[in-house]
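# Observations on chain architecture
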Amino acid sequence: MICRRCRDWITERYDVDALRRLLRTKYVPSHRYEISYFTGGLTLFLFVVQFLTGMGLALYYVPHSEHAYKSIVDIMTKLRMGWFFRSLHHWGAQLAIASLFVHFFANLLLKAYRKPRELLWVTGFIMITVLVFFGLSGYFLIWDERAFTAIRVATGGAGSLPLIGAPVKIFLRGGIDVTQETLTRFYAFHVSVLPMISLVIIGLHVLLVQVHGMSVPLSQKNRQKEAQPFFPNVFYKDLIVWLLCAGVLVTLAVVFPAAIGTKADPMAPAPENIKPEWYFLFLFQTLKLFPGEIAGLNGEMIAVTVISLGVLFAFLMPFFDRRSSAGRPSPVFTYAAVFYLVYFVVMTVIGFLN
Amino acid sequence: MMCIFSAACILLLALPLLCPAGQAPFEPALSPYDRHILYQALVLFWIGIIGLIVIIVMKLKEAKRTQGMGVHQDEENAPFLD
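Residues numbered from 1 in each chain as written. Chains lettered and ligands numbered in written order. Predicted model: local features only at pLDDT ≥ 70, side-chain atom pairs only at ≥ 80, totals over all residues.

### Comments concerning the overall build of chain B
Across its full length, chain B holds two helices and zero strands. Looking at chain B residue by residue over its 82 residues, the buried ones come to 11%. (Helix = DSSP H or I, 4+ residues; strand = E, 2+ residues; numbered from the N terminus. Buried ≥ 20, exposed ≤ 12 C-beta atoms within 10 Å, placed from the backbone.)

Following this line, the structure appears as structure tokens:
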């Protein structure tokens with residue numbers, strides 16, 4: 001009775017039938033590569049997990065250089081199931097970034113960016129940047145030796161950007177070196193600035209997906225099967241993927257709880273053989289390829305410029321790839337996409353093995 | 001092409017597992033009994049997940065069956081029953 005009254009109250013005020021109609025009329029293309037459609041939903045699911053676990057952790061975390069490390073240790077050792085929530089957050093971040101990279105490479109290879117979906121590509125690309133920065137800022141909050149060195153290297157690398165490097169570095173660090181100011185800034189980025197930006201970007205991205213519908217790869221245009229309704233067919237499949245992901249996430253959190261190293265000492269030298277998080281390994285490895293000086297110029301600055309140009313090219317790919325927008329094959333851009341994927345995987349593996 | 005992409009995806013998803021999060025001087029203080037209970041709960045959790053997946057797959061098959069019969073579509077000009 002109460003449920004019925006609530007339903008009537010809502011339907012009197014809002015056009016709920018329009019939503020029902022949308023769900024009923026929304027169809028998703030069916031073809032050989034339709035599995036790529038689930039990577040976006042998976043990333044969204046992991047984002048929600050990150051938001052929920054992050055809110056829980058924020059209740060106990062202390063964003064101060066003197067107390068940050070101890071508060072994490074307390075969460076891990078004293079708080080009931082605190083280690084589990086922190087592990088969920090840690091592994092959720094790893095899987096969210098991995099899933100977003102898979103989503104990115106799937107859309108790059110299948111040329112889902114082509115006209116009229118350029119803005120979808122742009123919002124997705126911004127989301128990758130935001131998510132990587134989410135990972136970096138969250139990583140620093142534990143204030144251990146490894147995280148401290150990683151942030152010093154990462155913000156130092158940003159400082160090597162031509163022209164804007166120095167102000168960007170000072171803005172990120174909140175001063176000349178990595179200090180309490182940096183922790184305050186990274187905490188603010190992690191819990192307020194980045195979540196706000198990501199909510200706006202995700203909302204826009206999902207809205208654009210609804211406007212344009214799912215992209216069909218050029219090779220599958222004439223080989224499509226009958227389109228399937230989003231509800232319940234695709235929704236049920238999405239649910240299965242999310243359930244499996246939840247299972248993997250909880251298993252990882254239980255079997256491999258998130259660790260924490262020794263407390264950071266800003267005065268101590270950087271420890272040897274330190275490596276960044278896995279999603280930065282390809283950048284780290286690329287930096288190593290460049291000598292300290294090339295033709296009298298700073299090698300690191302040239303490396304950062306080359307990497308930035310590579311990222312910029314990927315960002316602008318929908319605007320360069322005119323052939324696929326016109327519905328014709330563009331093998332050059334296919335090779336470029338394969339090169340990006342192979343380079344990322346190979347450099348990450350080399351970085352890990354070194 | 002699909003095989004290469006699938007292999008690369010699996011490798012990408014496995015990359016976080018390959019890279020350890022660092023040394024662990026602080027680990028959750030769990031007794032062997034707690035650990036046993038935890039693994040037991042994990043097994044039950046997986047049984048629950050598999051059960052849900054089986055139910056969803058059954059619902060999906062049922063939906064496909066009704067769609068195959070064409071009974072899921074609304075008939076236009078259908079008379080209203082007052």
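### A word on the overall build of chain A
Within chain A one finds 15 helices and four strands. Here chain A has a C-alpha radius of gyration of 23 Å; the compact-globule value for 354 residues is 20 Å, and the two agree. Overall size of chain A, expressed as C-alpha extent along the three principal axes, is 65 × 60 × 35 Å. Taken across its 354 residues, chain A has 36% of its residues classed as buried. Contacts spanning at least 24 positions in sequence make up 78% of the contacts within chain A whose residues lie at least 6 apart. (Rg over C-alpha atoms; globule rule 2.2 N^0.38 Å. Contact = placed C-beta atoms within 7 Å.)

### Re the nonpolar core
Residues and elements named next belong to chain A. Ranked by internal contacts, the top residues of the largest apolar core, which has 77 residues, are W143 and A147. If you tally residues by element for this core, the top one is helix α5 (residues 82-109), at 17 residues. In contact with W143, not counting residues within four places along its chain, are S65, A68, Y69, F148, L183, K263 and A264. (Core = buried A, V, L, I, M, F, W, Y, C linked by C-beta atoms within 7 Å.)

### Re unusual backbone geometry
Only a minority of non-glycine residues have a phi that is not negative, and only a minority of peptide bonds are not trans. Residue and element names in this part refer to chain A. Residues K115 and P116 are joined by a peptide bond in cis, for which omega reads 10 degrees. Its place among the elements puts P116 in the loop between α5 and α6 (118-140). Of note in the backbone geometry, M81 takes a positive phi value of approximately 60 degrees without being a glycine. Mapped onto the fold, M81 is located in the loop between α4 (68-77) and α5. Judged by the 13 C-beta atoms lying within 10 Å of it, M81 falls in the partly exposed class.

### What about α4 of chain A?
Since the α-helix advances by 3.6 residues per turn, residues separated by three or four positions end up pointing in the same direction. Residues and elements named next belong to chain A. Residues A68, Y69, I72, I75 and M76 constitute the buried set of α4. Considered in projection along α4, the buried side chains sweep an arc of 125 degrees and stay on one side of the axis. Along its buried surface, α4 packs onto α3 (37-58), α5 and α9 (180-212). (Arc of directions from axis to C-beta.)

### Some words on helix α10 (residues 230-255) of chain A
The end-to-end C-alpha separation of α10 of chain A is 36 Å, in line with the 38 Å expected for 26 residues at 1.5 Å each. Within α10 of chain A the residues assigned to the buried category are V234, K237, C245, L249, L252, A253 and V254 of chain A. Where α10 of chain A is buried, its residues touch β1 (27-30), α3, α5 and β2 (225-229) of chain A together with α2 (32-69) of chain B. (Expected span 1.5 Å × (residues − 1).)

### Considering the packing of α6 of chain A against helix α7 (residues 145-159) of chain A
The packing of two helices is summarised by the inter-axis angle and the distance between the axes. Residues and elements named next belong to chain A. Close contact between α6 and α7 brings their axes to 8 Å; oriented N to C, the two are set at 135 degrees. Classed by the angle they form, the pair α6 and α7 counts as oblique. For the element pair α6 and α7, the recorded crossing hand is left-handed. Contacts between α6 and α7 involve L136, Y139 and F140 from the first element and A147, A150, I151 and A154 from the second. Looking at the contact of α6 with α7 residue by residue, the class counts come to seven nonpolar, no polar and no charged. (Axes fitted to C-alpha atoms, helices over the stretch in contact; angles between N-to-C directions. Parallel < 35°, antiparallel > 145°, perpendicular 65-115°, else oblique. Left-handed = near helix turned anticlockwise from the far one by under 90°. Nonpolar A, V, L, I, M, F, W, Y, C, P; charged D, E, K, R; others polar.)

### A word on the packing of α5 of chain A against α6 of chain A
All names here are of chain A. Where α5 contacts α6, the two axes come as close as 11 Å, and the packing angle between them is 160 degrees. Judged by the angle between their axes, α5 and α6 are roughly antiparallel. Crossing of α5 against α6: the hand is left-handed. Counting all contacts with α5, which are made through A93, A96, I97, L100 and F104, the residues of α6 involved are G124, M127, I128, L131, V132, G135 and G138. Looking at side-chain class alone, the contact of α5 with α6 contains nine nonpolar, three polar and no charged residues.

### With respect to the confidence of the model for chain B
Of all residues in chain B, 55% attain a pLDDT of 70 or more, and the chain-wide mean is 76. Per the prediction output, this complex has pTM 0.88; the corresponding ipTM is 0.84. (pLDDT = per-residue confidence, 0-100.)

### Remarks on the environment of P195 of chain A
Locating P195 of chain A in the fold gives a position in helix α9. C-beta crowding within 10 Å serves as the criterion here: with 18 such atoms nearby, P195 of chain A is assigned to the partly exposed category.

### A closer look at the environment of N233 of chain A
Among the structural elements, N233 of chain A can be located in helix α10. For the pair N233 of chain A and R323 of chain A, spaced 90 residues apart in sequence, the C-alpha separation works out to 33 Å. Filtering out sequence-adjacent residues up to four positions away, N233 of chain A remains in contact with Q228 of chain A together with L60 and A63 of chain B.

### Focus: the environment of T129 of chain A
Structurally, the position occupied by T129 of chain A is in helix α6. The spatial distance from the C-alpha of T129 of chain A to the C-alpha of V209 of chain A is 20 Å, given a sequence separation of 80 residues.

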